[in-house]
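Observations on the model geometry
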Amino acid sequence: MDMNEGEDEEFGFSRNYFLAKESKGAGKKSAHKLSDIDLVDEQELRAAGATIVPKHEKEIEDLMISYKSLYPKWVFELRCGFGLLMYGFGSKKALIEDFASTALTEYSVVVINGYLQSINIKQVLIALAEILWDQLKTHRRNSLGNLSKAQQPFNSRSIDDLLAFLDGPQAEDFCFICIIVHNIDGPALRDSDTQQILARLASCSHIRIIASVDHVNSPLLWDKKMVHTQFNWCWYHVPTFAAYKVEGMYFPLILAYGNTAQSAKTAALVLQSLTPNAQGVFRVLAAYQILHPDDEGMPMNDLYTNCRERFLVSSQVTLNSHLTEFKDHELVKTRRNPDGQDCLYIPLTVEALEKLLQEINQ
């Protein structure tokens, strides 16, 4: 009885405490706004971050050397049909690429940068199918002669057909391709459909996957079948304590203010890595958008005509390859005008576009 009375008294005290807090703060609203926060310019913040002196370099170097002793074991597991999944604090990009350049020289290696904001998974499958087809042709030429029949162009095949080819009976045991996926849990790959395609790809007999993850909830992307049957992961805890320099370039900094100038600079960095003709196509589209800011965008046929007149493209296929590259980097998007035409537009303001053209013309 005394115990019940004590519990009632404690409950009453707690209830009165929160009621008093609620009545005291009722009706009060903060005058502060999120826009009042004095954020640092993103470029300044990145520059300041680049000046940070790394610590424990000797210990980190010893750690990386210890990982190199695992290379033969990793190659053996790949040959046995397993996939390698690297996790742990720090960027695994340099470690995995060193492993590929050192221990996988006998095999074709394809790199997928999952930290990008957009990736065309079908284009990846087409590239893999073309590489495997070349390997098969080389092998048959050296041993049994030519392949029995001509293949349909891979870019016209469905995803199911491409996966069937990669797992087809015509492939030889030694003809497999190693796929490196930096951040398989990245923003462009973490949706369910893409993960299902990657799992089916990993289960193909002539595909081996080496991937890295950084998000604490990454295992939630997969069910039991995907982990143990399709990906067939061998998990490795390989903390590198390396900065996410490359991966971080594609994510806005939380404490930074992303202004128009910075958006233009980021897009300029991407464009400068493309071919001159690709930059020319982008300039045509940007110039149209500046002159017609109220339009839905530039119709595809008009863009092709303009680019062909300027000798920037020789065919619609060439233009499509440039546009795919733009879309993968989110430089260009598509929407329909009132007439039902597909129009291309650059998701930047006119001011940002003008700054961008100045950047790439320098």
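Rules used in this analysis
Residues numbered from 1 in each chain as written. Predicted model: local features only at pLDDT ≥ 70, side-chain atom pairs only at ≥ 80, totals over all residues. Heavy atoms only, no water. Buried < 20%, exposed > 50% of the residue type's maximum accessible area, 1.4 Å probe, protein only. Helix = DSSP H or I, 4+ residues; strand = E, 2+ residues; numbered from the N terminus. Arc of directions from axis to C-beta. Contact = heavy atoms within 4.5 Å. Pairing = 2+ DSSP bridges. 1 Å grid on protein atoms, 1.4 Å probe; cavity = no way out; pocket = protein on both sides within 12 Å on 5 of 7 lines; lining within 4 Å. Points joined across faces, edges and corners; volume = space filled by probe spheres on them. Nonpolar A, V, L, I, M, F, W, Y, C, P; charged D, E, K, R; others polar. Core = buried A, V, L, I, M, F, W, Y, C linked by side-chain atoms within 4.5 Å. Patch = residues over 30% accessible without salt bridge, like charges linked within 9 Å, V, L, I, M, F, W, Y side chains within 5 Å. Areas by Shrake-Rupley, 256 points an atom, 1.4 Å probe, with all protein chains shown as cover. Salt bridge = Lys/Arg side-chain N within 4 Å of Asp/Glu carboxyl O. Axes fitted to C-alpha atoms, helices over the stretch in contact; angles between N-to-C directions. Parallel < 35°, antiparallel > 145°, perpendicular 65-115°, else oblique. Left-handed = near helix turned anticlockwise from the far one by under 90°.

**What about helix α4 (residues 71-79)?**
Taken as a whole, α4 has its buried residues at Tyr71, Trp74, Val75, Glu77 and Leu78. Looking straight down α4, one finds that the buried residues subtend no more than 160° of arc, so they occupy a single side. In α4, the exposed positions that point more than 90 degrees away from the buried face belong to Pro72 and Phe76. Structurally, α4 contributes buried residues whose contacts are with α3 (57-68), β2 (83-87), α5 (93-103), β5 (207-212) and β6 (233-237). Phi for Gly81, located one or two positions after α4, is positive at around 100°.

**Examining the sheet that holds strand β10 (residues 342-345)**
Picture the strands of a sheet paired through backbone hydrogen bonds; they go either parallel or antiparallel. Strand order in this open sheet of three strands is β8-β10-β9, and the pairing throughout is antiparallel. One side of each edge strand has no neighbouring strand; the edge strands of this open sheet are β8 (298-299) and β9 (333-336). Pairing between β8 and β10: two bridges, direction antiparallel. Counterpart to Pro299 in the pairing with β10 is Cys343.

**Here we look at empty space enclosed by the protein**
Summed over all chains, the structure comprises one cavity of 30 Å³ or more. Taken together, Ser91, Lys92, Lys93, His182, Asn183, Ser212, Asp214 and Glu247 form the lining of the largest cavity. For the lining of the largest cavity, the per-class residue count stands at no nonpolar, four polar and four charged.

**Overview of the nonpolar core**
Counting 38 residues, the largest nonpolar core has Ile184 and Phe231 as the members making the most contacts within it. Elements that contribute at least two residues to this core include exactly β3 (108-113), α6 (121-142), α7 (159-166), β4 (177-182), α8 (192-202), β5 and α9 (224-230). Top element by residues in this core is α6. It accounts for nine residues. Setting aside chain neighbours within four positions, we find Ile184 in contact with Leu85, Leu189, Gln195, Leu198, Ala211, Ser212, Val213, Leu221, Trp222, Phe231 and Trp233.

**Let's talk about a nonpolar patch on the surface**
A grouping of Val246, Met249, Tyr250 and Leu269 is seen on the molecular surface, where their side chains present a nonpolar patch of about 340 Å² in accessible area. If you trace the backbone, Met249 turns up in the loop between α10 (245-248) and β7 (256-257). For Met249, a relative accessible area of 40% gives the class partly exposed.

**Focus: the pattern of salt bridges**
For the structure on display, the rule yields seven salt bridges. Close ionic contact of Asp62 with Lys58 constitutes a salt bridge, the shortest N to O distance being 3.0 Å. Pair noted here: Asp62 and Lys58 are both in helix α3, with a separation of four residues, about one helical turn.

**Here's the deal with the packing of helix α12 (residues 276-291) against helix α15 (residues 350-361)**
Put simply, α12 and α15 touch, their axes get as near as 10 Å, and they point 150° apart. Judged on the interaxial angle alone, α15 and α12 are roughly antiparallel. At the point where α12 passes α15, the crossing takes the left-handed sense. Touching Phe282, Arg283, Ala286, Gln289 and Ile290 of α12 are Val350, Leu353, Glu354, Leu356, Leu357, Ile360 and Asn361, all from α15.

**Structural notes on the layout of surface pockets**
Of the volumes computed, that of the second largest pocket is approximately 690 Å³. Gly49, Ala50, Ala243, Tyr244 and Lys245 are the residues nearest the centre of the second largest pocket, which is lined by 20 residues in total. Secondary structure elements with two or more residues in the lining of the second largest pocket: α2 (42-50), α3 and α10. The dominant element in the lining of the second largest pocket, judged by the number of residues it contributes, is α2, at four residues. In the lining of the second largest pocket, the residues fall into twelve nonpolar, three polar and five charged.

**What to know about the pairing of β2**
Of all five residues in β2, four are buried, a share of seventy percent or more. The sheet contact formed by β2 and β6 spans five bridges and is parallel. Bridged to Tyr87 within β6 is His237. Sheet topology places β2 next to β5; three bridges connect them, and they run parallel. In the sheet register, Leu84 faces β5, and the bridge partner there is Ile210.

That's the geometry; what it means functionally is another story.
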